[in-house]
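# Fold and geometry: a report
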Amino acid sequence: MEKADIGLYGLAVMGSNLALNIAEKGYRVAVSNRTASKIDEFVAGAGDLAGQLVPNADLGAFVASIKRPRSIIIMVKAGKPVDLTIQALLPHLEKGDAIIEAGNANYRDSVRRYDELTPKGIGFLGIGVSGGEEGARHGPSIMVGGSREQWHNAEKVLTDIAAKYDGEPCCAYLGPGGAGHFVKTIHNGIEYADMQMIAEIYGIMRDGMGMSPLACAEVFKSWNAGPLSSYLIEITGLVLEAVDEKTGKPLVELILDKAGQKGTGRWSAIAAQELGVAATTIEGAVAARSLSAIKEQRVAASAIYDSVPVEKCSATLEQLEHALLAGKIAAYAQGFAVLSKASEENGWDLPLGTIARIWRAGCIIRSRFLDQMASSYEKDDAVNLMVAPDFVRIMEANNGALRRVVADGALAGSPMPCLGAALAYFDGYRQAQGTANLIQGQRDFFGAHGFILTDREGEQHGDWPPTLETD
Ligand code: 6PG
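Residues numbered from 1 in each chain as written. Predicted model: local features only at pLDDT ≥ 70, side-chain atom pairs only at ≥ 80, totals over all residues. Heavy atoms only, no water.

## Some points on the pattern of salt bridges
Our working rule: Salt bridge, as used here, is a side-chain nitrogen of Lys or Arg placed within 4 Å of a carboxyl oxygen of Asp or Glu. The numbering of helices and of strands both runs from the N terminus, where a helix is a DSSP run of H or I of at least 4 residues and a strand a run of E of at least 2. Relative accessibility thresholds used throughout: buried, under 20% of the residue-type maximum; exposed, over 50%; partly exposed, between the two (1.4 Å probe, protein chains only).
One pass over the full model with this rule turns up 30 salt bridges. Residue R298 is joined to D257 by a salt bridge in which the shortest nitrogen-to-oxygen separation is 3.1 Å. In this pair, R298 sits in helix α14 (residues 295-304) while D257 sits in the loop between α11 (251-254) and α12 (264-275), placing the two residues 41 residues apart along the sequence. For R298, a relative accessible area of 26% translates into the label partly exposed. Residue classification places D257 among the partly exposed positions, given a relative accessible area of 36%.

Have a look at this one:
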C-alpha cells in the first residue's frame, strides 16, 4: 500500500476534522485512535476522502505506514493523555521523525516535551490550532513552535490546510520549544476578554436599555459591517437571534448564565502575572467566568441587595459600538504586551506582526483590525498598540465613549470588569505622573523597602515618625 504523507492520532471532533482537511488537500493521511471502533466509523463517514486515508489500530503498523521522515499529528485531550500517547508512539519512531502536538497544551508541557524528545533524535512541534470544528475542517489558524527542522518537513501540509487571508496562509513558525502553544494560550486569553466585553455590552443593552435579544441581534449584525467586523461579533448576532424550538422563546434567555472554562484563559492570566505584565482585561474576563459559576450565591445576594438604587443607561448605541472598539484595542494591546515580554524572557524572538497576520483568518478572534495591528508591528515597530499611530487615532476618537459606557455601567449596576479594566489600562498607560510614589512611601514606611527620589541618585529611605499604635 502507498505510504501516507503524514499521520494523525486522535479521531475526536478536532482530530477527525483536521484529518479530512488534510485529505482534501490531496495528502494521504495515516489515521489511528485509542478506541479502534472510532477508526472504522471515521473512515466509513469520510465519503470521497476515504481513499486518502490509511487506517490502522495497531500503533506499529500506523507508524510504519507513514513516509519517512515521519510527521505525526497528535490531537488528544491536553495533559496526561498527550504524554501517554507520546510514550506509546516512541518505540515505533526512528531518528528524524517528529511529533506534532496540536491540542490546547500548556506551553510548559510543550517545552518539556521538546526537551525530552530532542536528545532522542525525535523532533517536536507544539502547534496551537484555532478555529473550532469548522476551522479544523476548512482552515484553522496554526501557530507553530518547536524544532525548526521539523517545521520545514511539515510546512507544506500545515500551510496547505490553514485558513487563507487574501491568499496568505494563516500558519507560521513562531519560535522554539513552547512558543506556538504560548501564542495560542494568549490568543485564548484575548478571546476571553473579547467575549466578555461583548457580553458586557449585551448586559447594558438588556438591563440598562431594556432591549430584547432580537433588537440586540440587529445591532450586532449592523456592527459587523463596520470597524468591529469580526467572527465573534458575527456569531453574537446569530446567538442572540436564535429561537428555542420547544418554547419559541429567544434561546439566549434560556441558557444558564454559568460560563465554562477549560483553562487556557486562566493560563493566559497566570502567564501575564508571572511575567509582570498588566493584562487586566484577560484577568477580568477569567474572574467574570469564575463569578458566573457561583450562580446560587449570586441569586441569594441579589435578594439581599434588591434595593440598591440603579440608574437607566444614557449612552447611545453608537457610543456602545465605539466603547467596544476602544475596549477591544486595549485587550489586544495587553495580549501582545504579554507576548512581547514572554519573547524577551524566553529568547523566542516572537514575530508580533506575523502573529497578528495569522490571526486575521481561521481563528476565533479573527477580525478586520488585526490587519492594521500587523502593520503597526511590522511597519511602525510599535512598543505597544496604545502608542502605534493608527491605534492612537482610534483611541483618541473612541475613548470618550468607553468612559461614558463604563460610567453608565457603574450607575446602572451592570458589571464591566473587562471594559472597566480596559479604561483603567488606557488611563494608567497614558498617565505620566502616576500614584505609585505613595505606594513606595508606604512600602518604605512599614518595610524599609526604599525608594528613588526624582532629584537625586541612589536608593533612599524616609525618616518616618512613629504611628499611634507604636506610641
Ligand atoms: C479556538 C478556541 C478553542 C476552544 C477554547 C474554549 O481557538 O479554537 O479557543 O481552543 O474553543 O479552548 O475554551 P474554554 O472552554 O476555556 O472557553
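This is not the end of the story, as more comes after the structure.
## Overview of helix α13 (residues 280-293)
Keep this limit in mind: For a helix, the expected span equals 1.5 Å multiplied by the residue count minus one. Working rule for contacts: check all heavy atoms of both residues, and any pair within 4.5 Å makes them a contact.
Between its first and last C-alpha, α13 extends 20 Å over 14 residues, near the 20 Å set by a 1.5 Å rise per residue. What α13 keeps buried is the set T281, I282, G284, A285, V286, A288, R289 and S292. Those residues of α13 hidden inside the fold are in contact with α8 (179-208), α12, α14, α15 (317-346) and α19 (417-429).

## What to know about the sheet that holds strand β4 (residues 71-74)
We count it as follows: Two strands qualify as a pair provided DSSP detects at least 2 bridges between them. Between N-to-C directions, angles cover 0 to 180 degrees, with each direction set by a line fitted to C-alpha atoms, over the stretch in contact for helices.
Strand order in the open sheet formed by eight strands is β3-β2-β1-β4-β5-β6-β7-β10, and the pairing between neighbours is mixed. At either end of the open sheet lies a strand with only one pairing partner, and these are β3 (53-55) and β10 (171-175). The sheet shows a mean angle of 25 degrees between the axes of neighbouring strands, direction not considered. Relative to strand β5 (residues 98-101), β4 runs parallel, the two sharing four bridges.

## Some remarks on α15
Taking 1.5 Å per residue, 30 residues should reach 44 Å; α15 reaches 43 Å between its end C-alpha atoms and fits that length. Counting buried positions along α15 yields 21 of 30 residues, so the element is predominantly enclosed. Looking one or two places after α15, you find G347, whose phi comes out positive at around 65 degrees.

## Describing the site of the ligand
Filter applied, for reference: Here a residue is near a molecule or strand as soon as one of its heavy atoms is found within 4 Å of it. Here a polar contact is taken to be a pair of N or O atoms separated by no more than 3.5 Å, where protein atoms must pair a possible hydrogen donor with a possible acceptor and residues adjacent in sequence count only if both atoms sit in side chains. Throughout, the Shrake-Rupley method with a 1.4 Å probe supplies accessible areas, and for residues the shown protein chains are the sole cover considered. The nonpolar class holds Ala, Val, Leu, Ile, Met, Phe, Trp, Tyr, Cys and Pro. Asp, Glu, Lys and Arg form the charged class, and all remaining residues, Gly among them, are polar. All domain edges in this entry derive from an automatic or database-based domain assignment.
Not every one of the 13 residues close to the ligand is listed here, only the nearest: S130, E191, Y192, K262 and R289. One of the side-chain N or O atoms of S130 is found 2.4 Å from an oxygen atom in the ligand. Contact between the ligand and Y192: an oxygen atom at 2.4 Å from a side-chain N or O atom of the residue. Burial of the ligand by the protein chains amounts to 80% of its free accessible area of 410 Å². Per-element accounting of the shell around the ligand gives the leading share, five residues, to α8. Its residues assigned to classes, the shell around the ligand comprises two nonpolar, seven polar and four charged. Residue assignment places the shell around the ligand across two domains, with domain 1 (6-177) and domain 2 (185-429) each supplying three or more.

## Structural notes on the packing of aromatic side chains
Test applied: Pairing of aromatic rings covers Phe, Tyr and the six-membered ring of Trp, with a centre-to-centre limit of 6.5 Å; geometry is then stacked below 30 degrees between planes, edge-to-face above 60, and tilted otherwise. Over a ring means this: the NZ of a Lys or the CZ of an Arg is within 6 Å of the ring centre and within 35 degrees of the ring normal.
Taken as a whole and assessed by the stated rule, the structure comprises 12 aromatic pairs. Note on F451 and W464: the rings are 6.3 Å apart at their centroids and 70 degrees apart in plane angle, and the pair reads as edge-to-face. Residue F451 is located in strand β11 (residues 451-452), and its partner W464 is located in the segment after β12 (459-460); the two are separated by 13 residues in the primary sequence. With a relative accessible area of 36%, W464 lands in the partly exposed category. The rings of Y107, F182 and W348 are connected pair by pair, giving a single aromatic cluster. Positioned over the ring face of Y192 is R289, at 3.5 Å from the centre of the ring.

## A few points about the domain arrangement of the protein chain
As a reminder of what qualifies: Buried area: the accessible area, evaluated with a 1.4 Å probe, that two parts lose upon being put together, summed over both parts.
For the protein chain, the domain assignment lists domain 1 (6-177) and domain 2 (185-429). Listed per partner, the contact involves 24 residues of domain 1 and 21 residues of domain 2. When domain 1 packs against domain 2, close to 1,700 Å² is buried across both sides, 60% of that on carbon and sulfur atoms. For the pair domain 1 and domain 2, the interface holds three salt bridges. Two residues, E168 and R357, come together in a salt bridge whose shortest N-O distance is 2.5 Å.

## Digging into the side chain of D244
This is how it is decided: His is not counted, nor are the chain ends; Lys and Arg add positive charge and Asp and Glu add negative charge.
Position of D244 relative to the elements: it lies in the loop between α10 (231-241) and α11. Of the side chains with opposite charge, K246 comes closest to the buried, unpaired D244, at an N-O distance of 6.9 Å. When near neighbours in sequence (up to four residues on either side) are disregarded, D244 contacts K249, P250, L251 and L254.

## Observations concerning unusual backbone geometry
Along the chain, R68 connects to P69 via a cis peptide bond; the corresponding omega equals -10 degrees. Examined against the element boundaries, P69 turns out to sit in the loop between α3 (59-64) and β4. Within the chain, D166 stands out as a residue other than glycine whose phi angle is a positive 50 degrees. Among the secondary structure elements, D166 is positioned in the loop between β8 (164-165) and β9 (168-169).

## With respect to the environment of D427
By secondary structure assignment, the location of D427 is in helix α19. Considering only alpha carbons, one finds D427 and N399, 28 residues apart in sequence, at a separation of 9.5 Å. Of the polar contacts made by the side chain of D427, one reaches the side chain of R403; its length is 2.9 Å.

## Let's talk about the nonpolar core
How we decide: Throughout, nonpolar core names a set of buried Ala, Val, Leu, Ile, Met, Phe, Trp, Tyr and Cys residues whose side chains join them through atoms within 4.5 Å.
Grouped together as the largest cluster of nonpolar side chains are 90 residues, with contacts concentrated most on F182, W223, Y332, F336, L339 and W359. Tallying contributions element by element places α15 first for this core, with 15 residues. Both domains that furnish three or more residues to this core are identified here as domain 1 (6-177) and domain 2 (185-429). The contact partners of F182, leaving out residues within four places of it in the chain, are Y107, A271, L275, V338, L339, A342 and W348. Core analysis: the second largest hydrophobic core is formed by 35 residues, L18, A19, A23 and I142 among them.

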